[in-house]
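Geometric and topological summary
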Amino acid sequence: MTQTQHSPLDIFVIGGGINGVGIANDAAGRGLAVSLCEQGDLGGATSSASSKLIHGGLRYLEHREFRLVAEALKEREILLRKAPHIIWPLRFILPHRSHLRPAWMIRAGLFLYDHLGKRNQLPGSHGIRFSPQSPLKPEIMRGFEYSDCWVDDARLVVLNALQAREAGAEVLVRTRCTAARVKNGLWHVELEDLNSGKRLTRQARTLVNAAGPWVEQVLRDQAAQPSRYSIRMIQGSHLIVPRLNPDERAYILQNDDRRIVFVLPYEDNFSLIGTTDKQYQGNPAEVSISDAETDYLLNVVNAHFQRQLSRQDVVSSFAGVRPLCDDESTDPSAMTRDYTLDLTHAGAPLLSVFGGKITTYRRLAEAALKQLAFALPHMGPDWTASAQLPGGDIDNQTSFAERLQQDFPWLSPAQTQRYARSYGTLCLQFLAGAQSDEALGEDFGAGLTAAEVDYLMSHEWAMSVGDIAWRRTKLGLRLTPCQLERLEAYITAQRQALAA
């Protein structure tokens, strides 16, 4: 049976990655009527397969991307204030390898990095000498240290979707756009609920195509429009291994091919290694790390660290496709990470998003709405720069974790820390009234309880083990196959109960 929304929307957004939800959130907060569809899980593709950094992009200076770096550095400060629960400062160690880049060049780059954008909350850069206790090889004796920020990328997507919904937006997950056509000056968008098979339609004054790697496909197949830009899909892959360094600093390693590889502290006991850059062809949903990429990342780390890694050390891995606007560069690493917004008017406004990076998603959303303003004269002013994301009304993670431990002394330290850095005050929704572990229901392992799972399913659009174990939380790293199987059975039973 076809469901129809009769009153026209202001904006319909295709794509539930960071750019799509960012635009939907900004628009809804300006008083616009907004709907968004995502064919899979929110942030289920590119946006949850990043290096999980809010950063200016130090290496982009080498490609003279000064405007992009300056904008990203300014956003770094804004996002740190907006979401202190899922974004936090991270110090980076850059070992010096004189045969790759001279010290004066790195110092000059770091000086620019310190001063291109506002830096009120983060310490600046300086040179360092490594002690004998350094995890690096003894021949690496000096380097540099500077600041950037960490982000839980998948949760950043979900929190923007939550805020959009709070402002009245409709968020449709597992819902595919099958066609979008203009009739009488409005976009008529046809949708399919991939769980139920139900057909839906929506009408909107403007259409935003934020489908990421599928942006050209949506233009061609769903909207029947030519694309004035093309994308090149660049695969980036990451490894997760047992923790390589005892402290909370990250490493940025220079390789002989002049690329860089990050080694990032990850989920307390692990290190995240990435990323690669290679052209990808095929279905973006089927991307996976190759043996050559695994060897490449391991070789870069082994060239720097005393502890030598092999494939047996790899706990997990993931890969994503970055849809970069094709600038005809022959080197994937040199391709611009800037975004391009393409506005066309084939009877009604259509805005397509090409490229972009997670750090600048908020500015991209503002730029998108500025381009659509002519068609939406009742749109309100900018607001996202000063508004915290849901759960972000805390001073910092440490103080909020201490508050949780006082209010819920029966929680384990690992639970309080995870709740503070994943949910902020949102965790109070599933902790409310609980007086003991037993009150949170079944423990599936690693502190994941039925109360948390129920919250994620009812409030955060989670529908599968992957949604919960790998995107909403990262507990897939800690749950055993038997525990994951039990979690899947619970999720299935809950979904059946809701559908009954």
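What you see is a predicted model; the values in this text were computed from it and never measured. (Residues numbered from 1 in each chain as written. Predicted model: local features only at pLDDT ≥ 70, side-chain atom pairs only at ≥ 80, totals over all residues. Heavy atoms only, no water.)

Comments concerning the overall build of the chain
Within the chain one finds 13 helices and 21 strands. Here the C-alpha atoms of the chain give a radius of gyration of 23 Å, agreeing with the 23 Å that 2.2 N^0.38 yields for 500 residues. Reported as C-alpha extents along the three principal axes, the dimensions of the chain are approximately 70 × 60 × 40 Å. Relative to its full complement of 500 residues, the chain shows a buried share of 59%. Long-range pairs, those at least 24 residues apart, make up 72% of the contacts in the chain between residues at least 6 apart in sequence. Taken as a whole, the chain presents about 20,200 Å² of accessible surface, with 50% of it coming from carbon and sulfur. (Helix = DSSP H or I, 4+ residues; strand = E, 2+ residues; numbered from the N terminus. Rg over C-alpha atoms; globule rule 2.2 N^0.38 Å. Buried < 20%, exposed > 50% of the residue type's maximum accessible area, 1.4 Å probe, protein only. Contact = heavy atoms within 4.5 Å. Areas by Shrake-Rupley, 256 points an atom, 1.4 Å probe, with all protein chains shown as cover.)

Quick look at the side chain of D277
For D277, the position within the fold is in the loop between β15 (270–274) and β16 (278–279). Here R259 takes part through its side chain, which lies 2.9 Å from a polar atom of the side chain of D277. (Polar contact = N/O pair within 3.5 Å; in protein donor to acceptor, adjacent residues only side chain to side chain.)

Section: the pairing of strand β17 (residues 316–325)
Among the 10 residues of β17, 9 are classified as buried, and the element is accordingly described as predominantly covered. Here strand β12 (residues 231–242) pairs with β17 via 10 bridges, running antiparallel. From the neighbouring strand, H238 faces β17, where its bridge partner is F318. (Pairing = 2+ DSSP bridges.)

Section: the pattern of salt bridges
A side chain of one charge can pair with a side chain of the opposite charge when the charged atoms of the two come close. For the structure on display, the rule yields 40 salt bridges. The shortest N-O distance in the salt bridge between R243 and E248 comes to 2.9 Å. Residue classification places R243 among the buried residues on the basis of a relative accessible area of 16%. With a relative accessible area of 53%, E248 lands in the exposed category. (Salt bridge = Lys/Arg side-chain N within 4 Å of Asp/Glu carboxyl O.)

Re the environment of G212
Within the secondary structure, G212 is located in the loop between β11 (199–209) and α5 (215–222). Along the backbone, G212 and P323 are 111 residues apart, and their C-alpha atoms lie at a distance of 6.0 Å.

Looking at the packing of aromatic side chains
For the structure shown, the criterion picks out 14 aromatic pairs. Ring plane angle 20° and centroid distance 5.4 Å describe the contact between F92 and Y146, whose orientation is recorded as stacked. Note that F92 is positioned in strand β5 (residues 87–95) and Y146 in strand β7 (residues 142–151), a separation of 54 residues in sequence. Each ring, one from F92 and one from F262, has its centre 5.8 Å from the other, and the planes form 75°; the classification is edge-to-face. With F92 in strand β5 and F262 in strand β14 (residues 260–266), the pair connects residues that are 170 residues apart, well separated along the chain. The pair formed by F92 and F262 is uniform in burial state, with each residue classed as buried. Pairwise contacts between aromatic rings join F92, Y113, Y146 and F262 into one cluster. We note R165 situated over the ring of W461; from NZ or CZ to the ring centre the distance is 4.2 Å. (Phe/Tyr/Trp six-rings, centres within 6.5 Å; stacked < 30°, edge-to-face > 60°. Lys NZ or Arg CZ within 6 Å of the ring centre and 35° of its normal.)

Here we look at the UniProt feature "domain: Alpha-glycerophosphate oxidase C-terminal" (unreviewed entry) in the chain
UniProt records the feature "domain: Alpha-glycerophosphate oxidase C-terminal" (unreviewed entry) at residues 384–477, using the numbering of this structure. Within residues 384–477, the helical portion is 46% and the strand portion 5%, while the C-alpha atoms at the span's ends are 33 Å from each other. (UniProt positions renumbered as here; feature names shortened; annotations may be inferred.)

Considering the environment of G22
Mapped onto the elements of the fold, G22 is located in helix α1 (residues 18–29). Along the primary structure G22 and S125 are separated by 103 residues, whereas in three dimensions their C-alpha atoms are 31 Å apart. Those residues in contact with G22 that lie beyond four places of it in its chain are N160, Y361 and A365.

A word on the packing of helix α11 (residues 450–459) against helix α13 (residues 481–499)
Remark: α11 packs on α13, axes separated minimally by 11 Å, with the N-to-C direction vectors making an angle of 50°. Judged by the angle between their axes, α11 and α13 are oblique. In the crossing of α11 with α13, the sense of the turn from one axis to the other is right-handed. Residue-level inspection shows A450, V453, D454 and M457 of α11 in contact with α13, the latter providing L487, Y490, I491, Q494 and R495. In the contact of α11 with α13, the residues fall into 6 nonpolar, 1 polar and 2 charged. (Axes fitted to C-alpha atoms, helices over the stretch in contact; angles between N-to-C directions. Parallel < 35°, antiparallel > 145°, perpendicular 65-115°, else oblique. Left-handed = near helix turned anticlockwise from the far one by under 90°. Nonpolar A, V, L, I, M, F, W, Y, C, P; charged D, E, K, R; others polar.)

Topic: the pairing of β11
Looking down a regular strand, the side chains alternate between one sheet face and the other. Taking burial as the measure, the 11 residues of β11 include 8 buried ones, the bulk of the element. By the bridge criterion, 6 bridges tie strand β10 (residues 186–193) to β11 in an arrangement that is antiparallel. Among the inter-strand pairings, E192 is bridged to a residue of β11, identified as R199. The loop that links β10 with its antiparallel partner β11 comprises 5 residues; one of these, G197, has a positive phi angle of about 80°. The pairing of β11 with strand β19 (residues 349–355) spans 3 bridges and is classified as parallel. By the bridge assignment, L207 is partnered in β19 with L350.

A short note on the packing of α1 against helix α4 (residues 153–166)
A packed helix pair is summarised by two numbers, namely the angle formed by the two axes and the spacing between the axes. The interhelical angle for the contact between α1 and α4, taken along N-to-C directions, is 25°, at an axis separation of 8 Å. Taken together, α1 and α4 sit at an angle that is classed as roughly parallel. Classified by chirality, the crossing of α4 by α1 is left-handed. Where α1 abuts α4, its residues I18, V21, G22, A24, N25 and A28 lie against L156, V157, N160, A161, Q163 and A164. By residue class, the composition of the contact of α1 with α4 is 8 nonpolar, 4 polar and no charged.

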